[in-house]
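# Descriptive structure summary
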Amino acid sequence: MGFRLPGKRRRSFSATESASKTVNVPKGRLAVYVGERLKRFVIPISYLNQPSFQELLSQAEEEFGYDHPMGGLTIPYPEEFFENIISGLNEC
């Protein structure tokens, strides 16, 4: 599943691939791939509004750009670093 810009029709993968990847992501959540091994995390979409998560995304964009080969959001930081960020968000 990807974001669609108004007036543009692009697919990054086939409808069959899209359906198979979204089956395991509950409504209101987002698949994120983290670290060298691209470990998959399914997180609440509400995390996208959190300042610490937005800062993480900004740093990842500055350092690594927006190349997401898995079809989901890819965060190239170590898994432990990401887990520390989201554990703080879980406490809120």
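Throughout what follows, the structure given in this document is the object of discussion. As the structure is a computational prediction, the values presented were derived from the model and not from experiment.

## A short note on helix H2 (residues 51–64)
- End to end, H2 covers 20 Å across 14 residues, agreeing with the expected 20 Å (1.5 Å per residue, within 8%).
- Buried within H2 we find Phe53, Leu56 and Ala60. Along the axis of H2, the buried positions cluster into a sector of 55°, meaning they face one direction only. For H2, exposure combined with an orientation more than 90 degrees from the buried face picks out Pro51 and Glu62.

## So, the environment of Gln54
- Mapped onto the elements of the fold, Gln54 is located in helix H2.
- Classification of Gln54 by relative accessible area gives partly exposed; the value is 39%.
- Excluding anything up to four places from it in sequence, Gln54 contacts Leu48 and Asn49.
- A polar atom in the side chain of Gln54 sits 3.0 Å from the backbone oxygen of Leu48.

## Describing helix H3 (residues 79–90)
- With twelve residues, H3 extends 16 Å between its outermost C-alpha atoms, agreeing within 8% with the 16 Å of an ideal straight helix rising 1.5 Å per residue.
- Inspection of H3 places Glu79, Phe82, Ile86 and Leu89 among the buried residues, and these make up the whole buried set. Each buried residue of H3 sits inside an arc of 85° when the element is viewed along its axis, so together they form one side. Residues Glu80 and Asn84 are exposed on H3 and point more than 90 degrees away from its buried face.
- Tucked into the core, H3 has its buried residues touching strand E1 (29–34), strand E2 (39–44), H2 and strand E3 (73–75).

## Some points on the pairing of E2
- Where E1 meets E2, six bridges bridge the pair, whose relative direction is antiparallel. Within E2, the position partnered with Ala31 by the bridge is Val42.
- Connecting E1 to the next strand, E2, in antiparallel fashion are four residues, including Gly35 with a positive phi near 80°.

Analysis parameters
- By convention here, each chain's residues receive numbers from 1 onward along its written sequence.
- Only residues with pLDDT of 70 or above have their local features reported here, since the model is predicted, and side-chain atom pairs are shown and tallied only from 80 upward, although totals for entire chains, interfaces and linings are computed over all residues.
- Side-chain numbers come from the whole structure's heavy atoms, not from hydrogens or water.
- The helix count covers DSSP runs of H or I at least four residues long, the strand count covers runs of E at least two residues long, and both are numbered beginning at the N terminus.
- Take the residue count of a helix, subtract one, and multiply by 1.5 Å to get its expected span.
- The classification of residues rests on relative accessible area computed with a 1.4 Å probe and restricted to protein chains. Under 20% of the type maximum is buried, over 50% is exposed, and intermediate values are partly exposed.
- Working note: the arc is built from the helix axis to C-beta atom directions.
- The contact rule is simple, with two residues in contact once any of their heavy atoms fall within 4.5 Å.
- For the purposes of these results, a polar contact is taken to be a pair of N or O atoms within 3.5 Å, where, inside protein, one atom must be able to donate a hydrogen and its partner to accept one; residues adjacent in sequence count only when each atom of the pair is a side-chain atom.
- Only strands that DSSP links by at least two bridges are regarded as paired with each other.

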